[in-house]
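Reading the structure
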Amino acid sequence: MKYMLMMNATKANFDWYAKWPKEDLKANFAFMRAFSKELKDSGAFVATEGLAWPDKAVIVRAGSDGTPITDGVFPESKEFLAGYWIVDVESPEEAYRIAARASAAPAPAGTEGTMPIEVRQIMSGPPEEFS
Amino acid sequence: MKFILMMGMNTSKESMSKGIMSWPKQDIEAHIGFMIGFSKELKEAGELVSAEGLAWPNEAKLVRASKDGTPITDGVFPESKEFLIGYWIIDVENAERAYQVAARASAAPGPGGAPLNMPIEVRQVMSGPPEEIQ
């Protein structure tokens, strides 16, 4: 079973992250690198990506002639995907355990709580009745 | 340059009532047929890196580590939240090409075969952490 583990954040969260002291950022990246390596070693790893910051996000819609109409205005409350892992595991519980490890990634001293990780299964294809 | 093209789904009652599962079966089939053809086309053009569809938002869980590191799971989300429902990652020459591809996805057929013109969020995929932190 493949699961996607998503880090979502608002622009305010990103602004806070951008202000982390350099040593805290380094500790966080070191954790993320080791975490990915561990997932690879255990065979659970499928993919991981980090996305550009939300100020680089663009919404695209097709115009009536099919050409792209781009827009960069988002509601303040919108949660942007910051990055994700895809893991291939035996059960949802295993996906949750892995997500909890990511959730506990190091943050600056005094940070309250741990990072929420959204977990959802990845579908292998459309529902059977349509495939 | 790698870009991610994201399809979202809002779980507000209004959006859900117009959701794909409320469409006539032949419209759903036409939509899925378009998506399969679209992926095939991107593959043939050498632009497709990966594409995935996610389980419905009602299966989403929010996971946090408790003090001892064990997972605390929560399935309660705000009533009107936007969830990622699927994405493509493409490798293209520039942002304009990524927007063109996104516009094609945006115009996927909806009820009655009319183009949905749905919003597709496009963002570059980073190859690693910023240089100064490596």
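Just above sits the structure.
The following refers to the structure shown. (Residues numbered from 1 in each chain as written. Chains lettered and ligands numbered in written order. Predicted model: local features only at pLDDT ≥ 70, side-chain atom pairs only at ≥ 80, totals over all residues.)

1. Topic: the overall build of chain B
Scanning chain B from N- to C-terminus turns up 3 helices and 6 strands. The linear arrangement of helices and strands in chain B, starting from the amino end, is β-α-α-β-β-β-β-α-β. When the backbone C-alpha atoms are referred to their principal axes, chain B occupies close to 50 × 40 × 20 Å. Counting across all 134 residues of chain B, residues that qualify as buried make up 25%. (Helix = DSSP H or I, 4+ residues; strand = E, 2+ residues; numbered from the N terminus. Buried ≥ 20, exposed ≤ 12 C-beta atoms within 10 Å, placed from the backbone.)

2. Concerning helix α3 (residues 95-106) of chain B
Relative to the 16 Å expected for 12 residues at 1.5 Å per residue, α3 of chain B spans 16 Å between its end C-alpha atoms, a close match to the ideal helical length. The complete set of buried residues in α3 of chain B reads A98, Y99, V101, A102, A103, A105 and S106 of chain B. Buried residues along α3 of chain B sit against β3 (58-62) and β4 (68-71) of chain A together with β1 (2-10), α2 (25-44), β5 (82-91) and β6 (120-126) of chain B. (Expected span 1.5 Å × (residues − 1). Contact = placed C-beta atoms within 7 Å.)

3. Let's talk about unusual backbone geometry
All names here are of chain B. Backbone geometry at N117 places phi at a positive 50°, although glycine is not the residue there. For N117, the position within the fold is in the loop between α3 and β6. With 17 C-beta atoms packed within 10 Å, N117 lands in the partly exposed category.

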